[in-house]
Amino acid sequence: MRVVLLDQITKVNYKYTYPLANGLQNAGVHVDLVMDQKKEDENCTCEKYRFFNTDEKNVGKMKKVLNYVQSYKRIGRLLSQGNYSVLHTEWFNFSPIDYHYLKQLKDKYGIRYVATVHDILPFNQKFYDMYFHKKLYGLADSIILQAPGNVKRFVDLFPENKEKIHMIPHGHMLDYVEIVNQNEARKHLDIPNDKTVFLFFGQIKRVKGVDILLKAFLKLLQKRDDIYLVIAGSVWKADFSACQEIIDRNDFKGCLRTDIHYIPDDEVKYYYSATDVCVLPYTDVYQSGVIQLAYGYQKPVVSSDLQAFTQFVKEGETGFISKACDVESLTGAMDKAANSNQLVEIGKAGYELVKKTLNWDDLARKIVEDCYSE
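Residues numbered from 1 in each chain as written. Predicted model: local features only at pLDDT ≥ 70, side-chain atom pairs only at ≥ 80, totals over all residues. Heavy atoms only, no water.

(A) Structural context of the packing of helix H3 (residues 95–109) against helix H4 (residues 129–139). The N-to-C vectors of H3 and H4 enclose an angle of 20 degrees; their axes lie 9 Å apart at closest approach. Our classification of the angle between H3 and H4 gives roughly parallel. By crossing handedness, the relation of H3 to H4 is classed as left-handed. Contacts from Ser95, Pro96, Asp98, Tyr99, Leu102, Lys103 and Lys106 of H3 reach H4 at Asp129, Phe132, His133, Lys135, Leu136 and Leu139. (Axes fitted to C-alpha atoms, helices over the stretch in contact; angles between N-to-C directions. Helix = DSSP H or I, 4+ residues; strand = E, 2+ residues; numbered from the N terminus. Parallel < 35°, antiparallel > 145°, perpendicular 65-115°, else oblique. Left-handed = near helix turned anticlockwise from the far one by under 90°. Contact = heavy atoms within 4.5 Å.)

This is the structure in C-alpha cells:
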C-alpha cells in the first residue's frame, strides 16, 4: 500500500507527523510525506517532498497562497506517477483551496481520502471555514479524531459524517525527549534552585488561558514565596498585550520569566528539565501534544478540566485539575502541586500512562486497519 501523507506545517507539527509516518512504515505502508520547508529529518525515514512554504516567516500572504495552489498541483503530479491507495491530510490551512484540490485529486485518481482532525474548526475561524469544512469532511472516507470529547463536538457540528469517525489518539512524544540535569537546566535559564517551578510552554493563543495563569500565580504569590513561573512560546494569531498589561501592572517579586518567542528545538529540553510542574490552563482545546511532551519529561501536569486533558490527568495520580476559566480554582490546583512531596512519582505515573497507551506502532496499525482499508 502506498500513501501520500500531507502536512503543510511540519515545522510545528513534526512530533505528530514524523512518528506517524514511521509507525505506518513499520505497519508495511509505503509513505511519501508532502510537507513544508522543515529541513531536519529527525528520525523520520520516509521519502519527503518539501512543497509548501506555509510556515515561512519571510514570505508574504499572496506568495503563500500561490505556493499553496502550486503545491497541490505538484501533489497531483506525484499521484500520477505512483500507484497510491490513500491521501491522508491533517490540516486545512486555506479551506476553500483545500476543498477544491482535494476533491479534484480524489475524483481524478479514485484515491481513498483520510483526514486526521487536529482542530475541528480553526480557533481563528474565517467566515468561509464552516461551509468548506463541512464539504471537506463530507469528501473524506475516514475521519480520525484524537480525544473522546471531540467525537460529540464533531457530531454536533457535522452529524452527517458520524459513521466515518474513528477515535485514535495522538501518540506519545517520548522520542523527542532529552532530559538534562535539573540544576544544569536552571543554571542555563537563570532560574533559582530553591523554588517550585511551574512551566507554561507552547504557542500562545486566545484559548490557552495565559491571562488566567498570570492572575492565579499572582494570588498564589500572596501566600507563598517558594514558587516561580516560566511562560515560553510564540504568540500565534493573537495579541499578548492583555497579558503584558497584567505583568506590567503587578509585582511578581522576581518570580516570573517570560520568553515570548519561538523556542528552538535544542532549547526545549532546558525548559522542561528545569521545571517541576507543567501548567495547561486552556479555556478550550481539541487535543494537545503539549501534555504528551510534559509526561515524556516525567512532569506532573496542572490542567483545566477539559476532556482532552482529563483522559490523562487524574487528580493526585498524574496531576492536578482545575476548573476551566476559573482563577481561584487554578490557584488552588497550583497550590496543591506546590505542597506535594510526590511530584516526581506523579510525573513518572504520567510517563508510564502515555508510554503504555499511546504507542505509535499500535496507533498506526489501527489507522491502517480501520481507515486505510475499504
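Once the structure has been displayed, the description carries forward.
(B) Up close: the side chain of Ser303. The topology assignment puts Ser303 in strand E12 (residues 301–304). Relative accessible area serves as the criterion here: at 1%, Ser303 is assigned to the buried category. The contact partners of Ser303, leaving out residues within four places of it in the chain, are Leu280, Phe309, Val313, Phe320, Ile321 and Ser322. (Buried < 20%, exposed > 50% of the residue type's maximum accessible area, 1.4 Å probe, protein only.)

(C) Examining the side chain of Thr54 more closely. Among the structural elements, Thr54 can be located in the loop between strand E3 (47–50) and helix H2 (61–81). When neighbours within four sequence positions are excluded, Thr54 is seen to be in contact with Gln8, Ile9, Lys64, Tyr68 and Asn93.

(D) Broad picture of the state of the cysteines. The full count for this structure, using the stated rule, is 0 disulfides. Cysteine Cys44 shares no disulfide, and the gap to the nearest cysteine sulfur, in Cys46, comes to 3.6 Å. When its relative accessible area of 5% is taken as the criterion, Cys44 is described as buried. (Disulfide = S-S within 2.5 Å.)

(E) Region of the structure containing the sheet that holds strand E11 (residues 277–280). The strand order E10-E9-E8-E11-E12-E13 describes an open sheet built from 6 strands, whose pairing is parallel. Edge strands, defined here as strands with exactly one partner in the open sheet, are strand E10 (256–259) and strand E13 (319–322). Strand after strand, the sheet turns through a mean of 20 degrees between neighbouring axes, direction not considered. Pairing between strand E8 (residues 196–201) and strand E9 (residues 227–232): 6 bridges, direction parallel. Bridge pairing links Phe200 to Ile231 in E9. (Pairing = 2+ DSSP bridges.)

(F) Highlighting the packing of aromatic side chains. Applying the stated rule across the entire model yields 23 aromatic pairs. Seen in terms of ring centroids, Tyr99 and Phe132 are 6.2 Å apart; in terms of plane orientation they differ by 50 degrees. Their pairing is tilted. One end of the pair, Tyr99, is in helix H3; the other, Phe132, is in helix H4, and 33 residues separate them in sequence. The interplanar angle of 65 degrees and the centroid separation of 4.8 Å between the aromatic rings of Tyr137 and Phe154 together place this pair among those described as edge-to-face. Here the residue Tyr137 occupies a position in helix H4, and Phe154 occupies one in helix H5 (residues 148–157), the gap between them amounting to 17 residues. Looking at Tyr137, the relative accessible area reads 1%, which means it is buried. (Phe/Tyr/Trp six-rings, centres within 6.5 Å; stacked < 30°, edge-to-face > 60°.)

(G) Representation of the sheet that holds strand E2 (residues 30–35). Judged by pairing direction, the sheet is parallel, and its 7 strands sit side by side in the order E3-E2-E1-E4-E5-E6-E7 without closing on themselves. Looking at the sheet topology across the chains shown, the edges are occupied by E3 and strand E7 (165–167). The sheet shows a mean angle of 20 degrees between the axes of neighbouring strands, taken without regard to direction. In this structure, strand E1 (residues 2–6) lies alongside E2, joined through 5 bridges in parallel fashion. Looking across to E2, one finds that Leu6 is bridged to Val34.

(H) Region of interest: H4. Asp129, Phe132, His133, Leu136, Tyr137 and Leu139 are the residues of H4 that are buried. Taken down its axis, H4 places every buried residue within 150 degrees of arc, on the same side. As for H4, its buried residues are in contact with H3, strand E5 (112–116), strand E6 (142–145) and H5. (Arc of directions from axis to C-beta.)

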